[in-house]
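Secondary and tertiary structure notes
Single-letter residue listing:
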Amino acid sequence: MARTDGEQNMSGIGWRDRRAAVWGIAGVFAIAVQARVDAADFRVGASGEYTTVAIALSDALIAGPGPHRVLIESGEHVDSLNFNVTGTRDITISGGWGSGFVTQAPLPSASVLRAGLAAPVLRATVSDQAILTVENLTVTGTQGNLGGGMRVDVQGSGQLRLRDVVISDNTTTSLFGAGLHARLVGNAVLDVERVDVHHNRSLGAGAKSGAGIKLSMVDASVAWLRQLDLHDNRDSVDATASFGIGMDVSASQSAFFILEDARIHDQVTDAPSASGVGMAVGLSGAASAVLDRIDLRRNNAAAATSGNREQLGVTLSDQSTLRLENSLVAEGAGNGVMVNANTTGSTRLTNLTIADQTGYGIRFFGSGGLRRFANSVVHNAGLTVTNDFSPGTERHHNLGNVLNGVDPQFVASGDYHVSPSSPAVDAGDDGIVSVAPGLDLDSQARFQGAHVDIGAYERVAERVFDDSFEGDAP
């Protein structure tokens, strides 16, 4: 399938190609590090050599380049870590280890790292070509004023990797980052997979953002987050305003942000003014963002009387670019999606399902650049999609193949898959799909029928199962 002009690159090469190139380089570097022979384990717990994580980590950091592992025995560990990883050091902090450190339970709740202090549980700077990996661990209990559970600055060509981590029940009196606050500078990399961030809270007065995650990116930094679950994060009643309660991302220069396969739901702001309640993204310079397979629901701003109160709010300027696709935005307390795009770059919103909003389903402001809103459902909004996308004009400012004000025949209330008779089935524009065959919000292949379906979900055709019962795939 040939790409249209709307499916070309974000900044010189396609975003999937760029992502592959970035992680290919990272993989080669990781292999080179793993080949070193000075690796050592530093074991923390009743059957280990260390009684605290902090002491074990201190020894690991002076033991040479590594790779070194700080292995944490199952149980609760009270500690507050503040450290730097520099040079070519490779440090892994790993939880869930059993007595004797022979077996590891693949369960983040097995090892709990708790602070209970006015400082982050984990405060780190990763610089030069160093790598810090945190895996299979729960980070909780901080009462910080510099950010909550985790505060990490990644600089140079440093890498921060989070795997199977829970960041929960942390509070902060700073303006943002009660759960995770990460700042990327230079060629820094943030690599996140299977992370759950919930019940973190920003306390005190001021304009709050990113109670779950606050991410700041500049230069040529790259962040790739997938299988992320953000829920039940909250600001305080003293906040004067709030945005991006689940996640707030700011990226500038040539920074590249990717979020795939994520759930952002049930955030709450108590502030009188709120925007981007679920997620807020700000792009400038030549920064680019790809949001693919995102489930945004029930992020609430019940006390807000001003602001857009949207589930997702995006601001673009300069040459920045945005791609939002294969995503659901539903059950919001205000607008669904709000995009303010004064950019010479591109804004592509494709295969979205936007439903059950009390305000606008989608609103678009701005001028310049290529703008596209297509293959999408807008249903049961208090106000229908605005006409800021003028169909038929130059540069593809269009509403191509959109079901707006037409019943898409969802399967049931709260279930936004479509029935077999839905007008969304096989009704999309195949040429607008970014990469063939692509994946829908269920991570199943597009083009189950003659053409791509409209909306976040692809309808799976009826088939006969091995047990001879017929029916639809769930």
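Provided above is the structure to which this section pertains.
Residues numbered from 1 in each chain as written. Predicted model: local features only at pLDDT ≥ 70, side-chain atom pairs only at ≥ 80, totals over all residues. Heavy atoms only, no water.

1. A look at the overall build of the chain
Helix and strand counts for the chain stand at two helices and 37 strands. Expressed as a percentage of the 474 residues in the chain, the buried residues total 58%. Here the contacts in the chain between residues at least 6 apart in sequence split such that 79% fall between residues at least 24 apart. Just so you have it, the chain exposes about 17100 Å², and 52% of that area is on carbon and sulfur atoms. (Helix = DSSP H or I, 4+ residues; strand = E, 2+ residues; numbered from the N terminus. Buried < 20%, exposed > 50% of the residue type's maximum accessible area, 1.4 Å probe, protein only. Contact = heavy atoms within 4.5 Å. Areas by Shrake-Rupley, 256 points an atom, 1.4 Å probe, with all protein chains shown as cover.)

2. Quick word on the packing of aromatic side chains
Tallying each qualifying case throughout the model produces two aromatic pairs. Measuring from centroid to centroid gives 6.2 Å for Phe42 and Tyr50, while their planes differ by 50°, and the two rings are tilted. Tyr50 shares its class with Phe42; the two are buried. Across the ring face of Phe176, the terminal group of Lys214 is positioned such that the distance to the ring centre comes to 5.2 Å. The positively charged end of Arg226 is found above the aromatic ring belonging to Trp224, 3.8 Å away from the centroid. (Phe/Tyr/Trp six-rings, centres within 6.5 Å; stacked < 30°, edge-to-face > 60°. Lys NZ or Arg CZ within 6 Å of the ring centre and 35° of its normal.)

3. Quick look at the sheet that holds strand S13 (residues 180–184)
Spatially, ten strands are ordered S4-S7-S10-S13-S17-S21-S24-S26-S28-S30 in an open sheet, and the strand pairing comes out parallel. A strand with exactly one partner marks an edge of an open sheet, and here the two such strands are strand S4 (81–85) and strand S30 (362–367). Sheet twist, expressed as the average angle between the axes of neighbouring strands with direction ignored, equals 5°. In the sheet, strand S28 (residues 337–343) pairs with S30 via six bridges, with the strands oriented parallel. Bridge assignment links Val337 to a residue of S30, and that residue is Ile362. (Pairing = 2+ DSSP bridges. Axes fitted to C-alpha atoms, helices over the stretch in contact; angles between N-to-C directions.)

4. Here we look at the environment of Ser174
Looking at the secondary structure, you find Ser174 in the loop between strand S12 (171–172) and S13. Separated by 37 residues in sequence, Ser174 and Ala211 place their C-alpha atoms 9.9 Å apart. From its side chain, Ser174 meets the backbone oxygen of Phe176 in a polar contact 3.0 Å long. (Polar contact = N/O pair within 3.5 Å; in protein donor to acceptor, adjacent residues only side chain to side chain.)

5. Details of the nonpolar core
Core analysis: the largest hydrophobic core is formed by 81 residues, its most contacted members being Phe83, Ile93, Leu132, Leu215, Phe257, Leu259 and Met279. If one sorts the elements of this core by residue count, helix H2 (residues 53–61) sits on top with five residues. The residues touching Leu215, leaving out its near neighbours within four places in the chain, are Ala182, Leu184, Leu190, Ala223, Asp248, Val249, Ser250 and Phe257. Counting residues in each nonpolar core, the second largest holds 13 residues, with Phe410, Tyr416, Leu441 and Ala456 among its members. (Core = buried A, V, L, I, M, F, W, Y, C linked by side-chain atoms within 4.5 Å.)

6. Describing the side chain of Lys214
Mapped onto the elements, Lys214 comes out in strand S17 (residues 213–217). A relative accessible area of 9% means that Lys214 is categorised as buried. Only 2.6 Å separates the side chain of Lys214 from the side chain of Asp248, close enough to count as a polar contact. In contact with Lys214, not counting residues within four places along its chain, are Phe176, Gly177, Leu180, His181, Ala182, Ser209, Asp248 and Ser250.

7. Topic: unusual backbone geometry
Residue Pro67 is reached from Gly66 by a cis peptide bond, and omega for that bond is 15°. Looking at where Pro67 falls in the secondary structure, it is placed in the loop between H2 and strand S2 (68–73). In this structure, Asp164 takes a positive phi of about 55° despite not being glycine. Looking at where Asp164 falls in the secondary structure, it is placed in strand S11 (residues 159–168). Overall, the relative accessible area of 27% leaves Asp164 in the partly exposed class.

8. Observations concerning the sheet that holds strand S23 (residues 274–275)
The pairing of strands in a sheet happens through backbone hydrogen bonds and is either parallel or antiparallel. The parallel open sheet is built from three strands, whose spatial order is S16-S20-S23. The open sheet has two edge strands with one neighbour each: strand S16 (206–209) and S23.

9. Overview of the environment of Arg293
Among the secondary structure elements, Arg293 is positioned in strand S25 (residues 288–297). Each C-alpha atom of the pair Arg293 and Arg263 lies 8.7 Å from the other, and the pair is 30 residues apart in sequence. At 3.1 Å, the side chain of Arg293 and the side chain of Ser443 are in polar contact.

10. Side note on the side chain of Thr92
Looking at where Thr92 falls in the secondary structure, it is placed in strand S5 (residues 90–97). For Thr92, a relative accessible area of 13% corresponds to the buried category. If sequence neighbours within four positions are ignored, Thr92 has contacts with His68, Arg69, Val70, Thr133 and Glu135.

11. Thoughts on the pairing of strand S18 (residues 222–231)
Of all ten residues making up S18, nine are buried, and the element is well covered by its neighbours. Looking at chain direction, strand S14 (residues 189–198) and S18 are connected through nine bridges and run parallel. Of the residues in S18, the one forming a bridge with Val192 is Leu225. Inspection of the sheet shows S18 paired to strand S22 (residues 256–265) by nine bridges, in the parallel sense. Pairing of Val222 across the sheet is with Phe256, part of S22.

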